[in-house]
Amino acid sequence: MPRIKLINIVGARPQIIKASAIGRAIRSNFSDKFTEILVHTGQHYDKELSDVFFEELEMRKPDYNLGVGSARHGRQTAMMLTGIEDVLLKEKPDCVVLYGDTNSTLAGALAASKLHFPVIHIEAGLRSFNKTMPEEINRITSDHASTLLFTPTNAAFQNLIREGFRSDNTPPYSIDNPKIYLTGDIMLDNSLYFADLAERKKGSLLETLSVEKGAFILATIHRDANTDEITRLKAILQTLKSLSEEYKLIMVMPLHPRTTISLKTNLKSFYSELLKCKYIRIIPPVTFLEMTLLEKNSSMIITDSGGVQKESHFFRKPCLVLRKETEWIELVKNGTALLVDADPEKIRNEFIKFINCCSELEYPGFYGDGKTAEFILKEIMWMFKK
Ligand code: UD1
Ligand code: UDP
């Protein structure tokens with residue numbers, strides 16, 4: 001019987017990590033059912049944002065790398081559209097799988113839906129209700145161009161219902177008769193799979209950073225609203241610096257190149273001050289196993305990343321979210337993530353709150369059973385009656 005020809009489209013760091021779970025599930029359980037083709041748009045191209053993940057997560061090398069690189073949104077998306085369209089016309093896949101909400105997701109959704117290839121959206125339905133975020137436009141457009149939509153949370157599922165998606169559609173599914181699912185979060189598959197391996201393979205990183213298990217804070221910053229608005233970036237980092245000194249707590253900060261570029265360009269002397277600070281460890285982006293190790297062994301996480309917010313929950317760490325709103329609202333309702341924006345007073349108050357009451361927090365299983373990739377592949381097989 002012919003296999004289902006599935007094209008995975010990735011471009012940015014978190015998508016490469018998410019796609020690794022699908023690739024692993026195909027190799028382990030469904031290798032006779034699927035032919036996987038991997039298209040990398042080249043949105044992320046630095047080794048530490050791209051190549052390291054293919055190597056470490058044992059992924060197939062991209063079959064196509066479109067090499068689009070960085071550019072303004074319109075130009076970057078246009079280059080991806082052109083490249084993806086060419087690949088789709090050549091490969092004629094049965095379906096196109098997209099992840100998350102980046103410009104690579106948007107380009108994949110537009111190229112595939114216009115050529116009438118069914119789009120499968122993993123991490124569908126998330127909304128921040130803030131359309132000034134580039135990701136919000138990408139999510140809404142991608143969801144409405146999809147045939148199968150896999151939502152990671154009940155809130156995401158309900159967002160789709162509010163936008164007119166129906167939960168009682170019956171096969172055959174199409175862009176006009178899409179199927180929406182409530183699955184778990186595919187990133188939990190990865191965190192569970194790699195947690196022990198991270199300790200075994202990367203444990204020495206803690207020594208290299210001179211930090212002790214359970215006695216440091218992990219922080220990441222990369223959202224455009226924080227990196228490109230210099231007053232916000234300075235307010236966040238100034239507050240974290242003061243708190244680290246007052247509480248004598250080391251803060252490990254693997255910074256996205258976007259943040260480092262902004263610091264070097266706009267806040268040069270403050271950046272040198274940070275580099276000299278006893279309690280701040282600014283380091284380049286780390287690998288997924290290193291990140292997992294740091295998350296597991298930190299005492300608190302401070303971030304504007306979507307993926308890192310969830311991972312804070314997987315590893316039962318309180319999380320300060322450097323944003324006004326979040327798509328992962330169950331974390332905020334649960335009190336284990338607190339929205340602090342870039343507001344020094346909020347960051348300080350909530351930091352102190354967490355320092356004093358960490359042990360009282362609970363972490364219910366919001367994100368499924370860690371077998372989301374298999375569930376998704378079975379549903380795709382069902383759609384194609386395999
Ligand atoms: C993108 C996604 C964002 C996601 C993030 C994950 C969009 C609109 N944004 O943001 O949703 O959370 O990826 O990390 O798709 N750069 C490098 N090296 C690289 C790639 C980028 O130095 O390999 C620098 C460039 O200066 C570039 C800037 O980072 O201009 C922004 O890159 P871009 O891919 O546009 O967006 P991200 O901020 O990475
Ligand atoms: N991550 C990583 N190394 C880092 C920072 C993040 O491997 O230095 C991982 C992190 O564990 C998570 C994913 O990248 O799985 C999140 O990506 P990012 O924060 O870039 O984007 P977002 O999730 O906000 O879209």
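Notes on the structure follow.

Rules used in this analysis
- Residues numbered from 1 in each chain as written.
- Chains lettered and ligands numbered in written order.
- Predicted model: local features only at pLDDT ≥ 70, side-chain atom pairs only at ≥ 80, totals over all residues.
- Heavy atoms only, no water.
- Helix = DSSP H or I, 4+ residues; strand = E, 2+ residues; numbered from the N terminus.
- Contact = heavy atoms within 4.5 Å.
- Phe/Tyr/Trp six-rings, centres within 6.5 Å; stacked < 30°, edge-to-face > 60°.
- Buried < 20%, exposed > 50% of the residue type's maximum accessible area, 1.4 Å probe, protein only.
- Lys NZ or Arg CZ within 6 Å of the ring centre and 35° of its normal.
- Pairing = 2+ DSSP bridges.
- Axes fitted to C-alpha atoms, helices over the stretch in contact; angles between N-to-C directions.
- Near = heavy atom within 4 Å.
- Polar contact = N/O pair within 3.5 Å; in protein donor to acceptor, adjacent residues only side chain to side chain.
- Areas by Shrake-Rupley, 256 points an atom, 1.4 Å probe, with all protein chains shown as cover.
- Nonpolar A, V, L, I, M, F, W, Y, C, P; charged D, E, K, R; others polar.
- Core = buried A, V, L, I, M, F, W, Y, C linked by side-chain atoms within 4.5 Å.

**Considering the side chain of Ser312**
Step number 1: Among the secondary structure elements, Ser312 is positioned in helix H14 (residues 306-314).
Step number 2: The contacts of Ser312, once residues within four sequence positions are left out, are Ile301, Lys317, Cys319 and Tyr363.

**Remarks on the packing of aromatic side chains**
Step number 1: Across all of its chains, the model carries ten aromatic pairs by this definition.
Step number 2: Look at Phe150 and Tyr181: their rings are 4.5 Å apart centre to centre, the planes differ by 10 degrees, and that puts the pair in the stacked class. One end of the pair, Phe150, is in strand S6 (residues 148-151); the other, Tyr181, is in strand S7 (residues 179-182), and 31 residues separate them in sequence.
Step number 3: Taking relative accessible area as the criterion, Phe150 reaches 1% and is therefore assigned buried.
Step number 4: Given the relative accessible area of 7%, Tyr181 is considered buried.
Step number 5: Site record: aromatic cluster; members linked through ring pairs are Phe314, Trp328, Phe366 and Tyr367.
Step number 6: In this structure, Arg24 is placed above the aromatic ring of Tyr193, and the distance from its NZ or CZ to the ring centre is 4.1 Å.

**Side note on the sheet that holds strand S8 (residues 216-220)**
Step number 1: Across the sheet, which stays open at both edges, the six strands sit in the order S10-S9-S8-S11-S12-S13 with parallel pairing between neighbours. Where the open sheet ends on each side, the last strands, each with one partner, are strand S10 (280-283) and strand S13 (337-339). Each strand axis lies, on average, 20 degrees off the axis of its neighbour in the sheet, ignoring direction.
Step number 2: Where strand S11 (residues 300-303) meets strand S12 (residues 319-321), three bridges bridge the pair, whose relative direction is parallel. Looking at S12, one finds that Thr303 is bridged to Val321.
Step number 3: Where H14 meets the sheet, its contacts fall on S8, S11 and S12, and the angle it forms with S11 comes to roughly 165 degrees.

**Thoughts on the site of ligand 1**
Step number 1: Not every one of the 20 residues close to ligand 1 is listed here, only the nearest: His44, Tyr45, Asn103, Glu135 and Arg258.
Step number 2: Within the side chain of His256, a nitrogen or oxygen atom sits 2.8 Å from an oxygen atom of ligand 1.
Step number 3: Between Arg258 and ligand 1, the recorded distance is 2.6 Å, taken from a side-chain N or O atom to an oxygen atom.
Step number 4: Considered on its own, ligand 1 offers 750 Å² of accessible surface; in the complex 87% of this is hidden by protein.
Step number 5: Taken together, the elements giving at least two residues each to the shell around ligand 1 come down to helix H5 (134-144) and helix H11 (257-266).
Step number 6: Its residues assigned to classes, the shell around ligand 1 comprises seven nonpolar, eight polar and five charged.

**Some points on the nonpolar core**
The tendency in soluble globular proteins is for nonpolar side chains to be buried as a group.
Step number 1: One finds Ile22, Phe34, Leu148, Val252, Leu294, Leu377 and Ile380 to be the most contacted residues of the largest nonpolar core, which totals 67 residues.
Step number 2: In terms of residue count, helix H1 (residues 13-29) provides more of this core than any other element does, seven residues in total.
Step number 3: Leu377 has contacts with Leu6, Ile22, Ala25, Ile26, Phe30 and Phe34, leaving out every residue within four places of it along the chain.

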